[in-house]
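Architecture and fold: a report
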Amino acid sequence: MFSFVRPIAATPAPRLCWRNDNRGGPARAGSAGGRADGERGAFPRQAAGRLGVRLFAATHKDIHDGYPDWLRAALAGVCATDLTDVPRALGDMEEFCRRHGIAAVAPCFELFTPLAALLAERTGLPGNDPRLARAARNKILMGEAFAAAGIPAPRWAVAHDGAEAHRAAGAHGLGWPLVVKPAEQGGSWGVSVVDGPDRLAEAVGAARQYTHAHPHGLELDSRALLQEYVAGDEYSCDTVVADGVAYPLPVVAKDTTEGRYRIETGHTCPSGLPAPLVRKVQHTAARAALAVGVRNGIAHTELKIPPGTQTPYVIETGARLPGDNLCEVVEAATGVSEAVAHLQAVLGLVPDTAASRTDAASIRFLLPEHGGVLRQVVIPDLPGTHSEVHLRPGEVVPEPADSTCRIGHVVARAETADRARGLADRVAARSRVEVG
Ligand SMILES: Nc1ncnc2c1ncn2[C@@H]1O[C@H](COP(=O)(O)OP(=O)(O)OP(=O)(O)O)[C@@H](O)[C@H]1O
Ligand SMILES: [Mg+2]
């Protein structure tokens, strides 16, 4: 979905065109693929209420028909189009924007961020650079953009099959382990860490399985990207950009599983990094956002800092709000609403990014040990925490190879990051998850 904004009441309210539908990739039985949809819809809706703007959406008619009631109720209108047909979508959305006096365009779905940049340019609304916007969606173009801007990032190569991957990994000196991932995808789908040559062809096949993104049927670049493995702790840092000026948001520590599949297990804000390194992460994330053409919008950047160094390496950046309930985590810790700042930026306003508190928050995801059918999930209620279950008993739990396997999550708030993380860990450890 795509949202358009228009102000409400006294002064004519800005309208936001907003597109948000779902993560890419094929639908999977029992998957929690719709989660990011509701989650990303929830934060912009809340932000629109706070800013007094109306939300409109652009999406496919059948996809809008499947929206939950709360999301449909939050929309002041819908532009039904085919987002995979660029000329038609641009024509339909431009006409809709003019008819409804739309004041801003905010893409929330990574794969449509280039289309949002084209629409903003066509309608004269604040937006990202359409000439660079595809680099925020396609990790091969992203690698080129980072190299051109001199941003520290893993070395990489492209492959269509196992034999080419063997040659390319050697020619580019990527070493072992290396990471294989789809050129265009999210949610860690198709991403694997490969220890040695034996598993390379299989990993390339897994990364190349995505030819079209669910639910719109958007065609994807199905080449596999091979990346040098960057060791070290992982962080994320979002950047709001307004009229080309970058405003860094708080740094968040990210925990993932180890081994072949790297699935997020949780996030904690603040990150625990010393202040100079926080500034370095924010600076690098801002450079990454600008390198992929973000001018009026937000970018979510993931970085790793190799042990013994002070250099953040950018793993990827996306020109969208973060997923994983990070909007909630960051706001609970710092008082900064990323969704409000994002809407302000696309409205051409100076974003409000000043922290109003110094608390801490941590989110932990409940992951299964293996796939199957969910028999039972019980998450205890501890003071300072709240939880949410993503799957119901009887639903299929995918194998723990990407983020669709999440069964639920818990968010903890406390005075310090260690306490918030400890509290969330305690709830996760005491939770009962049975998958048969
Ligand atoms: N080059 C790398 N070196 C080390 N770890 C990596 C590398 N690339 C990816 N990873 C690990 O795999 C995870 C998923 O990779 P990546 O972010 O590129 O995929 P994604 O599908 O866009 O993920 P998501 O949407 O969940 O952020 C990263 O968060 C990181 O933990
Ligand atoms: Mg990622």
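What you see is a predicted model, and the numbers here were worked out from it, not measured in a lab.

1. Remarks on the domain arrangement of the chain
Partitioning the chain into domains gives domain 1 (2-125), domain 2 (155-228), domain 3 (231-358) and domain 4 (362-436). Using C-alpha coordinates to define each centre, domain 2 is positioned 25 Å away from domain 3. At the junction of the two partners, domain 2 supplies eight residues and domain 3 supplies six residues. Taken over both partners, the interface formed by domain 2 and domain 3 buries close to 590 Å², and the fraction arising from carbon and sulfur atoms is 42%.

2. Observations regarding the coordination of the magnesium ion (ligand 2)
Coordination of the magnesium ion (ligand 2) by the protein comes from Glu302 (OE) and Glu316 (OE), over a distance range of 1.9 to 2.0 Å. With glutamate 302 in strand 15 (residues 297-305) and glutamate 316 in strand 16 (residues 313-318), the pair connects residues that are 14 residues apart, well separated along the chain. Relative accessible area serves as the criterion here: at 8%, glutamate 302 is assigned to the buried category. We classify glutamate 316 as buried; its relative accessible area is 13%.

3. Here's the deal with the packing of aromatic side chains
Evaluated as defined, the whole model comprises three aromatic pairs. Their ring planes at 35 degrees and their centres at 6.0 Å tell us that tryptophan 189 and tyrosine 210 sit as a pair that is tilted. In this pair, tryptophan 189 sits in the loop between strand 7 (178-182) and strand 8 (192-194) while tyrosine 210 sits in the loop between helix 8 (200-207) and strand 9 (212-213), placing the two residues 21 residues apart along the sequence. By relative accessible area, tyrosine 210 is classed as buried at 3%. The ring of phenylalanine 365 is capped by arginine 406, whose NZ or CZ atom sits 3.7 Å from the centre of that ring.

4. Some thoughts on the site of ligand 1
As a matter of local geometry, ligand 1 sits amid 24 residues, with Lys139, Lys181, Gly187, Ser188 and Glu234 nearest to it. Glutamate 316 is positioned such that a nitrogen or oxygen atom in its side chain is 2.8 Å from an oxygen atom of ligand 1. Protein contacts shield 98% of the accessible area of ligand 1, which totals 610 Å² for the unbound molecule. Looking at the shell around ligand 1, the elements with two or more residues in it are strand 7, strand 11 (224-228), strand 13 (245-256), strand 15 and strand 16. In terms of residue class, the shell around ligand 1 is built from seven nonpolar, six polar and 11 charged. In terms of domain composition, the shell around ligand 1 takes at least three residues from each of domain 2 (155-228) and domain 3 (231-358).

5. Re helix 5 (residues 113-123)
Within helix 5, eight of the 11 residues are buried, which leaves it mostly tucked inside the rest of the structure. Following helix 5 by one or two positions, glycine 124 has its phi on the positive side, about 75 degrees.

6. Some words on the side chain of threonine 81
Looking at the secondary structure, you find threonine 81 in the loop between strand 4 (75-80) and helix 4 (86-100). Those residues in contact with threonine 81 that sit more than four places away from it in its chain are Thr59, His60, Arg88, Ala89, Asp92 and Met93.

7. Topic: the pattern of salt bridges
Counted under the stated rule, the structure contains 26 salt bridges. A salt bridge links aspartate 324 to arginine 406; the shortest N-O distance between them is 2.8 Å. A residue pair is termed long-range when its members are at least 10 positions apart, and aspartate 324 in the loop between strand 16 and helix 10 (326-334) and arginine 406 in the loop between strand 20 (396-397) and strand 21 (408-414) qualify at 82 residues. Of the two residues, aspartate 324 and arginine 406, both sit in the buried class. Members of the salt-bridge network, linked through shared partners, are Glu234, Lys254, Glu264, Glu302, Asp324 and Arg406.

8. Looking at the environment of glycine 175
With respect to the secondary-structure elements, glycine 175 resides in the loop between helix 7 (162-171) and strand 7. For glycine 175, a relative accessible area of 35% puts it in the partly exposed group.

9. What about the sheet that holds strand 22 (residues 432-435)?
With antiparallel pairing, three strands are arranged side by side in an open sheet as 20-18-22. Each end of this open sheet is capped by a strand with a single partner; those strands are strand 20 and strand 22. With two bridges connecting them, strand 18 (residues 372-378) and strand 20 associate as antiparallel partners. When the bridges of strand 20 are listed, valine 373 appears paired with valine 396.

10. Examining the nonpolar core
Counting residues in each nonpolar core, the largest one holds 27 residues, and the members touching the most others are Val5, Val53, Val240 and Leu343. Breaking this core down by element, the ones donating at least two residues are helix 1 (35-51), strand 3 (53-59), strand 5 (104-107), strand 12 (233-242) and helix 11 (338-346). Top contributing element to this core by residue count: helix 11, with six residues. Formed by 26 residues, the second largest nonpolar core is a distinct cluster that contains Met142, Ala145, Ala289 and Val294.

11. Overview of the packing of helix 4 against helix 5
Packing of helix 4 against helix 5 brings their axes to within 10 Å, and their N-to-C directions diverge by 50 degrees. What the angle tells us is that helix 4 and helix 5 run oblique. The chirality of how helix 4 crosses helix 5 is right-handed. Contact residues: Val86, Ala89, Leu90, Gly91, Met93, Glu94, Cys97 and Arg98 in helix 4; Leu115, Leu118, Leu119, Arg122 and Thr123 in helix 5. Considered class by class, the residues forming the contact of helix 4 with helix 5 number eight nonpolar, two polar and three charged.

Reading the values: the criteria
- Residues numbered from 1 in each chain as written.
- Chains lettered and ligands numbered in written order.
- Predicted model: local features only at pLDDT ≥ 70, side-chain atom pairs only at ≥ 80, totals over all residues.
- Heavy atoms only, no water.
- Domains from an automatic or database assignment.
- Contact = heavy atoms within 4.5 Å.
- Buried area = accessible area lost by both parts, 1.4 Å probe.
- Donors = N, O, S within 2.8 Å, 3.2 Å for Na, K, Ca; no water.
- Helix = DSSP H or I, 4+ residues; strand = E, 2+ residues; numbered from the N terminus.
- Buried < 20%, exposed > 50% of the residue type's maximum accessible area, 1.4 Å probe, protein only.
- Phe/Tyr/Trp six-rings, centres within 6.5 Å; stacked < 30°, edge-to-face > 60°.
- Lys NZ or Arg CZ within 6 Å of the ring centre and 35° of its normal.
- Near = heavy atom within 4 Å.
- Polar contact = N/O pair within 3.5 Å; in protein donor to acceptor, adjacent residues only side chain to side chain.
- Areas by Shrake-Rupley, 256 points an atom, 1.4 Å probe, with all protein chains shown as cover.
- Nonpolar A, V, L, I, M, F, W, Y, C, P; charged D, E, K, R; others polar.
- Salt bridge = Lys/Arg side-chain N within 4 Å of Asp/Glu carboxyl O.
- Pairing = 2+ DSSP bridges.
- Core = buried A, V, L, I, M, F, W, Y, C linked by side-chain atoms within 4.5 Å.
- Axes fitted to C-alpha atoms, helices over the stretch in contact; angles between N-to-C directions.
- Parallel < 35°, antiparallel > 145°, perpendicular 65-115°, else oblique.
- Left-handed = near helix turned anticlockwise from the far one by under 90°.

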